[in-house]
Amino acid sequence: MTDASIKFGSRSLRLLQRLLESRLILVLVLILFGGCLAATWHGQQSVAVADEVAYITSGLNLITRGEFVNPFGEPELWFPPVYPVLIGFISHFGQLDPFIVARSISMAASVLCLLLIYNIARRMTELLQSEDEPAPLSPRLVALLAALLLACNPTFQMFANRALSEPLALFLTLLGFRLWLTDTGTWKVAFANGILIGLAALTRPECILVLPLWCFIDLVRHRSFKTFSQSLLAGVIAAGLLAPYVLFLHEHTGKWSISNKAEVNLAAGRANFHQVPREYIDEQTLELGYFPVDTSQDVEVRRHLSNFRQLIDAFWQMYFSPALGLWIWMLTVVGVIVLCARGQQRVVWGLAAMTLYVAAIVHFDPQGPKSLHLLLPVICVLAATALARCFAIQSWAAVLPVMALTGLVLVEGSSRHPRWVQSEEYPFGIGLKLAGESLKEQKLKPGVMYEFGATASYYSGMTRRYLTPNKLETVLAYVAKHEPADQPIYFALSSATSPRLDDSVNRLLDKPAAGFEKVVEIKAPEHVVVYRLNRQRALANR
C-alpha cells in the first residue's frame, strides 16, 4: 500500500468522523425516526385498542366534563391522569383527532428521549475524559451510538408508535436523571427533580421509585444537612403533586396508594399462568370480577418461577434474538466495569435505580420485553460506553467483530419497524373500527356496547362493557340485572376475538339468536357483527 493511499484513507476516516460528529447526523436520525413512525399511521395501524381507548376516553372526560371517568362510565382507577390530560388539552377538547394526538405525544416524547440519551451519553463520556487518558472515541460519537441503539430497539419503536404512556414517563424520568447527573447540589435541581419525577409517577407509577433511590445515593455520598434538605424538598414536591391523585384513589377504593393498577396486573398475571380469562361473571351472584384461581402458596411459587423465566427470556429477546441480546448485555456489563474503574460509581448507581422496578415485575404480569421500558436507555448508554473503550484496543482483529455485531444490531433495528408494519404481527381491529363508525353514522340511540375489546364502542360513541367468556345465558342474565330497562344494549362480535369467547356467544357471528337484531355487519378484513338486543325476547327464549 502506497503512502498516498494511506494518506487518502486517513483523510477519508477523518472526514467521516467529522461528518458523524456533526449535529446534522443527529437531526437526520431524529427526523427519520419520527417520519418512519408517522408514515405507518394508516390501515390497521390507525385503530385504537383497549388501553389506548382508556387513556383517550378518560382524558377527554376529565377535560370536557371535569370527571375522571373511563370507557365503562366508572371512575378511572387504573391509569394516572397526566397522559390522559395532555391528550384532552392538545386535542383541543377532542376537536382534533385524539388518537392521532395521543400517538403524536408518544412520538414527540420518544424523539426527546433520543435527544436526552445523546446528551447523557455525551456527558458521561466527558466525565471519563476528565482522566489523563482520553476516550478513543469523541463524546459526540459515543452519544450518537447510544441514541442509535435506543432508536433501533423494537420495544422502544413499538411504544413510540402507540397511544400509551410509557414514552412520556420515560422522557420525564430521563430528564430528571440528566439533572441529577449534573451533581451541582443546587436547590433548583432538587425542586425540578421533585416536579419531574412527581409528574412521571402520575404517568407511570413505577417511576416514583427512582427519586428516593437517587436521594439515598447522594445522602450516602455526601452525608450533609444540605443534601438531606434538598432530598427532602424533592420528596415533598413529588408528594404534593401525587396527593390529589392519592386522595382520589382513596375516595373510590378505600385504600391509600399511588396506583390501583397493581390489582389488575396481578389478576392478569394469575389469569395468564392458569390460562383462564381475567374478567368473569360469577354465575351465582351475577357479579363481574376476576376469574377465581388457586392462590395457594405452592401454586404462587410456581407462578413466580414461571414469571421469572419469562422475564429472563424478555431480557434475551430485547434485541430481536437471544444472540444479539447476549451481545448487548455483554457490552452493558463492560460499560459498568468501565464506569466503576474510572470512579463513576454514582453514575452507575443512578442508572441502576432506573432498573430496580424490574424486581417487582415477577409478582405481576411480565408482559414480555415491553415491561422493561425504563431499562432500555440504561443499557444503551452503558453499551455505548463499552463500545468507546473497545476502540482503545489497538488491534483490528479485536475491533472488527465488535463493529460487525453492533452494526448487525443497528441494521436489524433500522429495518425492523417497516418490516413489522407489513407483517401480520400488528394489531387487528379495522373491522371493529368500521363497524363502530358505521353504527355512529346510523345515529341510533346511544347505549352501552358489550365487546371483548374496546374498539367498536370507542368509534361508535357507546359506553364500553366487558363481553366476558361466559355462556350467553349468563351474559344476558347479567345484562338484565345491571342495565336499566330503557338502556339500549349492543353486542359487537369479531372473528378475531371469537376464540376467547364461549361457543354460545361465537354462534352469534353466523346466526342471530332470539332477541338479537343485526344492525351492522362487516365481512372483511375480519368478520364483525353488531347486534341490538331486545331483552324481553332474548330472556323469554333463554
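Up top is the structure these notes are about.
Reading the values: rules and limits
- Residues numbered from 1 in each chain as written.
- Predicted model: local features only at pLDDT ≥ 70, side-chain atom pairs only at ≥ 80, totals over all residues.
- Heavy atoms only, no water.
- Buried < 20%, exposed > 50% of the residue type's maximum accessible area, 1.4 Å probe, protein only.
- Helix = DSSP H or I, 4+ residues; strand = E, 2+ residues; numbered from the N terminus.
- Pairing = 2+ DSSP bridges.
- Phe/Tyr/Trp six-rings, centres within 6.5 Å; stacked < 30°, edge-to-face > 60°.
- Lys NZ or Arg CZ within 6 Å of the ring centre and 35° of its normal.
- Axes fitted to C-alpha atoms, helices over the stretch in contact; angles between N-to-C directions.
- Contact = heavy atoms within 4.5 Å.
- Polar contact = N/O pair within 3.5 Å; in protein donor to acceptor, adjacent residues only side chain to side chain.
- Left-handed = near helix turned anticlockwise from the far one by under 90°.
- Nonpolar A, V, L, I, M, F, W, Y, C, P; charged D, E, K, R; others polar.
- Patch = residues over 30% accessible without salt bridge, like charges linked within 9 Å, V, L, I, M, F, W, Y side chains within 5 Å.
- Areas by Shrake-Rupley, 256 points an atom, 1.4 Å probe, with all protein chains shown as cover.
- Salt bridge = Lys/Arg side-chain N within 4 Å of Asp/Glu carboxyl O.

> Run through the pairing of strand S7 (residues 528-533), naming residues and quoting values.
The element S7 is largely enclosed, with a buried count of five among its six residues. Bridge count for strand S5 (residues 489-494) against S7 is five bridges, and the pairing is antiparallel. What sits directly across from phenylalanine 491, in S7, is tyrosine 531. As paired elements, strand S6 (residues 516-522) and S7 share six bridges and run antiparallel to each other. Residue pairing for S7: lysine 518 is matched across the bridge by tyrosine 531. Hairpin connection from S6 to S7: five residues lie between these consecutive antiparallel strands.

> Now, about the packing of aromatic side chains: what can you tell me, with residues and values included?
Aromatic ring pairs are reported here in terms of the distance separating the ring centres and the angle at which the planes meet. In this structure the tally under the stated criterion is 16 aromatic pairs. Between phenylalanine 315 and tryptophan 329 the ring centres are 5.3 Å apart and the planes differ by 75°, which places this aromatic pair in the edge-to-face class. Here phenylalanine 315 is found in helix H13 (residues 297-316), whereas its partner tryptophan 329 is found in helix H14 (residues 322-341), with 14 residues between them in sequence. Here phenylalanine 315 matches tryptophan 329 in class, with each residue buried. Through successive ring pairs, a cluster of aromatic residues spans Tyr450, Phe491, Phe516 and Tyr531. Between the NZ or CZ atom of arginine 346 and the centre of the ring of tryptophan 180, over which it lies, the distance is 3.7 Å.

> An account of the sheet that holds strand S4 (residues 463-466) is needed here, citing residue identities and associated values.
One open sheet holds the five strands; their spatial order is S4-S3-S5-S7-S6, and the pairing between them is mixed. Where the open sheet ends on each side, the last strands, each with one partner, are S4 and S6. Strand-to-strand, the axes of this sheet are offset by a mean angle of 25°, without reference to chain direction. Lying over the sheet, helix H19 (residues 430-441) contacts strand S3 (448-451), S5, S6 and S7, oriented at roughly 120° with respect to S6.

> Give a detailed account of the side chain of threonine 406, specifying residues and quantitative values.
Residue placement: threonine 406 occurs in helix H18 (residues 396-422). A distance of 3.3 Å separates the side chain of threonine 406 from the side chain of tryptophan 327, its partner in a polar contact.

> Which residues make up unusual backbone geometry, and what values go with them?
Of note, glutamine 275 is a non-glycine position whose phi angle comes to about 55°, a positive value. By the secondary structure assignment, glutamine 275 is in the loop between helix H12 (261-274) and strand S1 (279-281). Glutamine 275 gets classed as exposed once you look at its relative accessible area, which sits at 68%. With a phi close to 55°, lysine 443 is a non-glycine residue in the positive phi region. For lysine 443, the location among the structural elements is in the loop between H19 and S3.

> Requested: an account of the packing of helix H5 (residues 98-128) against helix H6 (residues 139-151), with residues and values cited.
One can describe the packing of H5 onto H6 by two numbers: an axis separation of 8 Å at closest approach and a directional angle of 145°. Note on packing geometry: the crossing formed by H5 with H6 is right-handed. Side by side, H5 and H6 meet where Cys113, Leu114, Ile117, Tyr118, Ala121, Arg122, Thr125 and Glu126 of the first sit next to Pro139, Arg140, Val142, Ala143, Leu144, Ala146, Ala147, Leu150 and Ala151 of the second. A per-class count over the contact of H5 with H6 returns 13 nonpolar, one polar and three charged.

> I'd love a proper account of a nonpolar patch on the surface, names of residues and values included.
On the surface, Phe308, Ile312, Trp316, Leu326 and Met330 cluster together to form a nonpolar patch covering roughly 450 Å² of accessible area. Mapped onto the nonpolar patch, the elements with two or more residues apiece are H13 and H14. In terms of residue count, the dominant contributor to the nonpolar patch is H13 (three residues). Examined against the element boundaries, leucine 326 turns out to sit in helix H14.

> Describe the side chain of arginine 303, naming the residues involved and giving the relevant values.
Examined against the element boundaries, arginine 303 turns out to sit in helix H13. Judged by its relative accessible area of 0%, arginine 303 falls in the buried class. Ignoring any residue separated from it by four or fewer positions in sequence, one finds arginine 303 in contact with Leu266, Gly269, Arg270, Phe273, His363 and Phe364.

> For the pattern of salt bridges, give the residues involved together with the corresponding values.
What the rule picks out here adds up to 13 salt bridges. Glutamate 52 is the partner of arginine 162 in a salt bridge, and the nearest nitrogen-oxygen pair spans 2.9 Å. Residue arginine 162 is located in the loop between helix H7 (154-160) and helix H8 (166-181), and its partner glutamate 52 is located in helix H3 (residues 50-65); the two are separated by 110 residues in the primary sequence. For glutamate 52, a relative accessible area of 2% translates into the label buried. A salt bridge links arginine 270 to glutamate 300; its shortest N-O distance comes to 3.2 Å. One end of the pair, arginine 270, is in helix H12; the other, glutamate 300, is in helix H13, with 30 residues separating them in the sequence. Several salt bridges converge on common partners, so that one network encompasses Glu166, Arg204 and Glu206.

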